[in-house]
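Coordinate analysis (summary)
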Amino acid sequence: MADKPKKRMLTIYLYIPNIIGYIRVLMNCVAFAISSSHKTLFVSLYFTSFVCDALDGWFARRYNQVSTFGAVLDMVTDRISTACLLVLLSQLYRPGLIFLSLLALDIGSHWLQMYSTFLAGKSSHKDVKDSSNWLFRLYYGNRIFMAYCCISCEVLYIILFLLARGQNDVLLDALVTSGRQSPPLSFLVVFVLLGWGIKQTVNVIQLKTAADACVLYDINRKQ
């Protein structure tokens, strides 16, 4: 009888989307290990891992293999991989504090959102139907819109990584110079900047909304 729970646990650990998650972690480890010496390979591995984020969700829904562990693994992998890329960019551009601030906002808002979700008894941090903010609801309620914002962020960071000539490049100068040299690249940067801006706005809304939920939980618990 004692073996049954262990077998069930192993089954969940070996869900197809979770296996994809492990592969994503491995790809990111290899990518960042070679980021300084093989830029193109780094970008290929990093972006492939990012694309697999959508793939594991499809498998989870297709084969009814949605799990809390898988959701946490997915979110932690996303946050850590983006955080590592932001740390890299903070070493390549001035002012590096911009990227470190974006890192703190990304990690802090998602952690608070996940925690407030558990306090509310919800099964997913994407369940924001009761939110009064229309942009917050749109972001988590429309997969295409959410995908545009997330892809825009990653593409922008990858572009900046590829544009970096060395350490201490001025961020604004790099963007302006690249835009002058390549009009198509300039258009792409403007296109992804819009999605990036929306994503950061949502992160701020998420941080405030989740913080309010935690405070309200404390108030209700003391009454």
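Residues numbered from 1 in each chain as written. Predicted model: local features only at pLDDT ≥ 70, side-chain atom pairs only at ≥ 80, totals over all residues. Heavy atoms only, no water.

Below, the discussion takes up the environment of Ile-205. By the element assignment, Ile-205 lies in helix α9 (residues 183–222). Taking the relative accessible area as the measure of exposure, Ile-205 reaches 15% and is therefore buried. Taking the C-alpha atoms as reference, Ile-205 lies 7.0 Å from Phe-136; in sequence the two are 69 residues apart. Those residues within four positions of Ile-205 in sequence are excluded, and the remaining contacts are Asn-133, Leu-135 and Phe-136. (Helix = DSSP H or I, 4+ residues; strand = E, 2+ residues; numbered from the N terminus. Buried < 20%, exposed > 50% of the residue type's maximum accessible area, 1.4 Å probe, protein only. Contact = heavy atoms within 4.5 Å.)

Negative phi values dominate among residues other than glycine, just as trans dominates among peptide bonds. Backbone torsion omega between Arg-94 and Pro-95 reads -5°, so that peptide bond is classified as cis. Along the chain, the position of Pro-95 falls in the loop between β1 (93–94) and α5 (97–119). Despite not being glycine, Asn-64 shows a phi value in the positive range, around 55°. By the element assignment, Asn-64 lies in the loop between α3 (39–62) and α4 (68–92).

For the rest of this paragraph, the subject is a nonpolar patch on the surface. On the surface, a nonpolar cluster with roughly 790 Å² of combined accessible area is contributed by Met-9, Leu-10, Ile-12, Tyr-13, Leu-14, Ile-19, Tyr-22, Ile-23 and Phe-69. Residue assignment for the nonpolar patch shows that the elements contributing at least two residues are α1 (3–13) and α2 (16–33). By residue number, the principal contributor to the nonpolar patch is α1, which donates 4 residues. With respect to the helices, strands and loops of the structure, Met-9 is situated in helix α1. Residue classification places Met-9 among the partly exposed residues on the basis of a relative accessible area of 47%. (Patch = residues over 30% accessible without salt bridge, like charges linked within 9 Å, V, L, I, M, F, W, Y side chains within 5 Å. Areas by Shrake-Rupley, 256 points an atom, 1.4 Å probe, with all protein chains shown as cover. Salt bridge = Lys/Arg side-chain N within 4 Å of Asp/Glu carboxyl O.)

To continue, consider helix α7 (residues 143–163). Taking 1.5 Å of rise per residue, 21 residues should cover 30 Å, and α7 covers 30 Å from first to last C-alpha, within 8% of that figure. Most of α7 is tucked away: 15 of the 21 residues are buried. Where α7 begins, one side-chain oxygen reaches toward the backbone nitrogen of Ile-144, 3.1 Å away; that side chain belongs to Asn-142. (Expected span 1.5 Å × (residues − 1). Polar contact = N/O pair within 3.5 Å; in protein donor to acceptor, adjacent residues only side chain to side chain.)

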